[in-house]
Amino acid sequence: MRLLVSCVLVSPPLSSPDICAARCAIESLCFYKTTASDQLGERLYTPCSWTLGVHLPATVTSAFVMFNNAPLVVHVASKDFPDEIGPHSSPIGPAREQPPSDPCLPARLPTSGFLQREADRAAPKAVEAELERIRKALEIPPPPDADGDKSQPSSPTAAKMLRSSSQSSGNPRKPPEPYEIMRAIERRDVMFLMEVRDRFFHSLVQKSGDATPLIHAMRIEHTDMAIILLGAFSRYINNLQDDDFEKEDTKKMLKILRMNLKVAIDYGLQKQQKDLMASFLQTLIMSEGDSWIAMQTADIAIALKQGTAGKPVQSAAEAVRSFATKSLGQADFIASLEDYIANATADLVMMGAWSSVLQVLEGEPLPTYYFARDDRVYRALVERLDRHKEEISRKVGRRLRWQLKVLQTQLEGRTRTYRSKVESLARELDEGEGV
């Protein structure tokens, strides 16, 4: 390391030996500066090089280290005094070797089709592995019962006790008491809640005092427990078959479940807990089953046949918002909720348009379980439009072809939100000139 050193001498004038000692280190890279005068009374600016480990003359009492300007000084000095700058003034050391060129070609990224195939292949295996892990965890035999206190079970002990007692022959355990459900929520006892979900689902929707388990989780701000309860509701609905919706017991259970969700929506708005509003509304719509989607699809198809006068986009939005409670309808703007409503609105319009197409040609309907799940309905619609392109151009009417084109154009891409897409869609199908 070579430094530019400025030394301030506060001692008597330097003697000749000191000056000679300084001149022995001359390399013209740094400057040693004195404020004293020599024997002739002249100021000295002696070019010299000080490196780490080199001691200044004893007469120098202080030095100030500055940043290295030696290369600039040498460059200027070599131009002004070419005769006085010797061959050793250039930096000492071997030149840096240029690193060898070693170009490489990175491997090409996999295509989206390959990623989709890998996902379709790996996803079921991952789900089965997780289910097997949970199944094994639940089937661990419980420890021998002692005469200790059984009123304070903890996870997973509570779940094991519930399972073992319910499996006893001839005397299945009664449903857990409401206080046990509330205590499990307070303790975040997920295993116990999962056992109750599988064996006594109705206990998760029953009201105790002035609160249901979902409201209790929201009151104590255990959002993770509220999500687990909401997942239990969705699981129950998804496992229902079409004929189950006609059973009286199922109708009664769904009515209680909807009451839970509507009360949770109102409570969340009251306490400014808006994170789960969209999920509550989604589960509320799911509780109506495929029959509601089919009925609304038929209504939107009729509105599309009427052209802009039928206002299909507005009709679809009103059908989705009809599930919202009065408080939700008057609430301030909730981005996640509005995005879900816009997503469901666009899906209803697309399903209505495709159902009109199926009246003139044979094809597959859009899956109802795609409803309001991002752009799944849109991708399925585009795939079917490409597959039946020629038949649509020959058999489908001019107005419906235009409406399909507007849907495909306005709902394309992921750079815009569903709200902006639906707004532009309404300008075309509800307020435009039409065909």
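What you see is a predicted model, and the numbers here were worked out from it, not measured in a lab.

(A) Region of interest: the overall build of the protein. Tallying secondary structure elements over the protein gives 18 helices and four strands in all. Every one of the 435 residues in the protein was classed for burial, and the buried ones make up 39%. Within the protein, contacts between residues separated by at least 24 positions form 68% of all contacts whose residues are at least 6 apart in sequence.

(B) Highlighting the confidence of the model for the protein. For the protein, the mean per-residue pLDDT works out to 75, and 69% of the residues sit at or above 70. Note on residues 139–156: pLDDT is under 50 here. Beyond four places in sequence and across chains, it has 19 contacts.

(C) Expanded view of helix 18 (residues 418–429). Between its first and last C-alpha, helix 18 extends 16 Å over twelve residues, near the 16 Å set by a 1.5 Å rise per residue. Residues of helix 18 that are buried: Y418, K421, V422, S424, L425, A426 and L429.

(D) Summary view of the nonpolar core. Ranked by size, the top nonpolar core spans 86 residues in total, and within it F201, F280 and F371 carry the most contacts. If you tally residues by element for this core, the top one is helix 14 (residues 335–357), at 13 residues. Excluding anything up to four places from it in sequence, F280 contacts L214, M218, L230, L261, A264 and I265.

(E) Seen up close, helix 5 (residues 178–186). Listed as buried for helix 5 are E180, I181, M182, R183, A184 and I185. Looking at the packing, one finds that the buried side of helix 5 touches helix 6 (190–199), helix 7 (213–219) and helix 8 (223–238). Two residues or fewer past helix 5, R188 is found with a positive phi of approximately 55°.

(F) The arrangement of unusual backbone geometry in detail. Unusually for a residue other than glycine, E221 sits at a positive phi of about 60°. For E221, the position within the fold is in the loop between helix 7 and helix 8. Phi angles above zero are rare outside glycine, and Q272 is one such case at about 60°. One can find Q272 in the loop between helix 9 (248–270) and helix 10 (277–286). Using a relative accessible area of 57% as the deciding quantity, one classes Q272 as exposed.

(G) A look at the pattern of salt bridges. Enumeration over the complete set of coordinates arrives at 15 salt bridges. The closest approach of N and O atoms between D339 and R419, which form a salt bridge, is 2.8 Å. Of this pair, D339 sits in helix 14 while R419 sits in helix 18, placing them 80 residues apart in sequence. Owing to a relative accessible area of 28%, D339 belongs among the partly exposed residues under this scheme. For D375, the salt bridge goes to R379, with nearest N and O atoms at 3.3 Å. Take D375: its relative accessible area is 14%, and that puts it in the buried class. Relative accessible area serves as the criterion here: at 45%, R379 is assigned to the partly exposed category.

(H) Summary view of the side chain of Q403. The topology assignment puts Q403 in helix 17 (residues 398–410). Excluding residues within four positions of it along the chain, Q403 makes contact with L304, G307 and L429.

(I) Representation of the packing of aromatic side chains. A full pass over the atoms with the stated rule returns four aromatic pairs. With centroids separated by 6.2 Å and ring planes inclined at 70°, the aromatic side chains of W292 and F371 adopt a geometry described as edge-to-face. Residue W292 is found in helix 11 (residues 289–305), and its partner F371 is found in the loop between helix 14 and helix 15 (376–387); the two are separated by 79 residues along the sequence. As far as burial versus exposure is concerned, W292 and F371 are alike and both buried.

(J) Geometry of the packing of helix 10 against helix 14. The contact between helix 10 and helix 14 brings their axes to 7 Å, and the two run at 30°. Taken together, helix 10 and helix 14 sit at an angle that is classed as roughly parallel. Only S336, L337, Y340 and I341 of helix 14 make contact with helix 10, whose side of the interface consists of M277, A278, L281, Q282 and I285. Its residues assigned to classes, the contact of helix 10 with helix 14 shows seven nonpolar, two polar and no charged.

Thresholds applied
- Residues numbered from 1 in each chain as written.
- Predicted model: local features only at pLDDT ≥ 70, side-chain atom pairs only at ≥ 80, totals over all residues.
- Heavy atoms only, no water.
- Helix = DSSP H or I, 4+ residues; strand = E, 2+ residues; numbered from the N terminus.
- Buried < 20%, exposed > 50% of the residue type's maximum accessible area, 1.4 Å probe, protein only.
- Contact = heavy atoms within 4.5 Å.
- pLDDT = per-residue confidence, 0-100.
- Expected span 1.5 Å × (residues − 1).
- Core = buried A, V, L, I, M, F, W, Y, C linked by side-chain atoms within 4.5 Å.
- Salt bridge = Lys/Arg side-chain N within 4 Å of Asp/Glu carboxyl O.
- Phe/Tyr/Trp six-rings, centres within 6.5 Å; stacked < 30°, edge-to-face > 60°.
- Axes fitted to C-alpha atoms, helices over the stretch in contact; angles between N-to-C directions.
- Parallel < 35°, antiparallel > 145°, perpendicular 65-115°, else oblique.
- Nonpolar A, V, L, I, M, F, W, Y, C, P; charged D, E, K, R; others polar.

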